[in-house]
Each structure stands twice: as structure tokens, then as C-alpha cells.
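Fold and contact review
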Amino acid sequence: QIWALLVLDSDGQRLAVKYSSVAKKEFFPGVKQQLAFEKRVVSKLPSPSASRSEVDVAVIDDYTVLFQACNDVVICAVAAHSENELAVLQLVEGVYTSMSQIAQGSSFLSSG
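Below: a short report on this structure. (Residues numbered from 1 in each chain as written. Predicted model: local features only at pLDDT ≥ 70, side-chain atom pairs only at ≥ 80, totals over all residues. Heavy atoms only, no water.)

**So, the overall build of the protein**
Note the following rule: Starting at the N terminus, helices and strands are each numbered in turn, a helix being any DSSP run of H or I of at least four residues and a strand any DSSP run of E of at least two. Note on classification: 1.4 Å probe, protein chains only; a residue is buried when its accessible area is under 20% of the maximum for its type, exposed when over 50%, partly exposed between these limits. The contact criterion used throughout is that any non-hydrogen atoms of two residues lie within 4.5 Å. For the accessible areas, the method is Shrake-Rupley and the probe is 1.4 Å, while residue cover comes only from the protein chains on display.
For the protein, the helix and strand inventory stands at three helices and five strands. Ordering the α and β elements of the protein from the N terminus gives β-β-α-α-β-β-β-α. The buried share among the 112 residues of the protein stands at 39%. In the protein, the share of contacts with a sequence separation of at least 24, taken over all contacts with a separation of at least 6, comes to 43%. Accessible area of the protein: about 6200 Å², with a carbon and sulfur share of 53%.

Written out as C-alpha cells, the structure reads:
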């Protein structure tokens, strides 16, 4: 199950986030807990580069976090540790591709 989808800047500030109703109730009941988790995620990820990175995986607080970073934008999918990583990988790549296509022609997510 996907617990959250996070689109953050390199400082850990929210650009867009969505937590599942189960995650909100059981794991991240308040905004303070959500923000603290997002800061931990950003602190454990490598620095984004100017070029598009590949999707990578990290284990943070017993959650599997797949992420893709470009410039100062990080797209993360937070899943249960037992979740199929290939399925989550497709989600992250799909969100990244969608955002890139929407922002085509602007500087958002571009490497130049």
C-alpha cells in the first residue's frame, strides 16, 4: 500500500503532498508528524543534481521510500516495507513524467 506521495523542494518544503487516509489515521495523524517525517526523508536523500536522476530507494523509519530528484524537486512515494518496489517505481516515474510534460517549456524540472 502507498502511504504517501510527496513532492518536495530540496529544503524539505512541501510543493504538493498527499497522505492516504490510513496513513493519516495510523502513522501521521497531524501536520507536525507529517512535516517531521518529510524533513527526515529529505535529510536522508542524496543532493539532487542538475540532470535527471534515476529512481532510487531508501528505507526511512521502516517505510520504503522510492524517490526521483531533479534540480531542487524531489518526488517520493512512501510505501509499506512489504510493498512491491517495481509497482511503486512505476508510480514515481509516472508522476515525474507527468510533471515534466505539464511543465514543458518552463524552467520547472528543467536542467537548464
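**Quick word on the sheet that holds strand E5 (residues 73–80)**
In plain terms, the rule: If DSSP finds at least two bridges between two strands, the strands pair. To define axes, lines are fitted to C-alpha atoms, for helices over the stretch in contact only, and angles between the resulting N-to-C directions are given on a 0 to 180 degree scale.
Sheet architecture is open: five strands sit in the order E2-E1-E5-E4-E3, paired in antiparallel fashion. Each of the sheet's edge strands pairs with one partner strand only, and the pair in question is strand E2 (14–19) and strand E3 (56–60). Strand-to-strand twist of the sheet, defined as the mean angle between neighbouring strand axes without regard to direction, takes the value 20 degrees. In the sheet, strand E1 (residues 2–9) pairs with E2 via five bridges, with the strands oriented antiparallel. Paired with Leu5 across the two strands is Lys18, which belongs to E2. Each of E1, E2, E3, strand E4 (63–70) and E5 is contacted by helix H2 (residues 31–44), which is oriented at about 115 degrees to E2, the strand it contacts most.

**Brief notes about H2**
We count it as follows: Here, expected helix span is obtained from the residue count minus one, scaled by 1.5 Å. It is the directions from the helix axis to the C-beta atoms that the arc portrays.
Between the first and last C-alpha of H2 there are 20 Å, a value that for 14 residues agrees with the 20 Å anticipated at 1.5 Å per step. Every buried residue belonging to H2 is among Gln34, Phe37, Glu38, Val41 and Val42, and all of these are buried. Here the buried residues of H2 occupy an arc of 135 degrees about the axis, which is enough to place them on one side. When the buried face of H2 is taken as reference, the exposed residues oriented beyond 90 degrees from it are Lys32, Ser43 and Lys44. Those residues of H2 hidden inside the fold are in contact with E1, E2, helix H1 (21–26), E3, E4 and E5.

**Describing the side chain of Thr64**
Looking at where Thr64 falls in the secondary structure, it is placed in strand E4. Apart from residues no more than four positions distant in its own chain, Thr64 is found in contact with Val57, Ala58, Ala77, Val78, Ala79, Ala80, His81 and Glu85.

**Comments concerning the pairing of E5**
Judged by how many residues are buried, E5 sits mostly within the fold: eight of eight residues are covered. Summarising the sheet, E4 and E5 pair through eight bridges and their orientation is antiparallel. Looking at E5, one finds that Val65 is bridged to Val78. Hairpin connection from E4 to E5: two residues lie between these consecutive antiparallel strands, with Asn71 at a positive phi of about 55 degrees.

**A few points about the packing of aromatic side chains**
Definition in use: Two aromatic rings, drawn from Phe, Tyr or Trp (for Trp, its six-membered ring), form a pair once their centres lie within 6.5 Å of each other, and the interplanar angle then sorts them: stacked below 30 degrees, edge-to-face above 60, tilted otherwise.
Counted by the stated rule, this structure contains seven aromatic pairs. With a centroid separation of 6.5 Å and 65 degrees between ring planes, the pair formed by Phe27 and Phe28 is classed as edge-to-face. Exposure remark for Phe27: the relative accessible area of 31% places this residue in the partly exposed category. Judged by its relative accessible area of 3%, Phe28 falls in the buried class. Judged by centre distance (4.8 Å) and plane angle (45 degrees), the ring pair of Phe28 and Phe37 falls under tilted. By way of ring pairs, the aromatic residues Trp3, Tyr19, Phe27, Phe28, Phe37 and Tyr63 are connected into one cluster.

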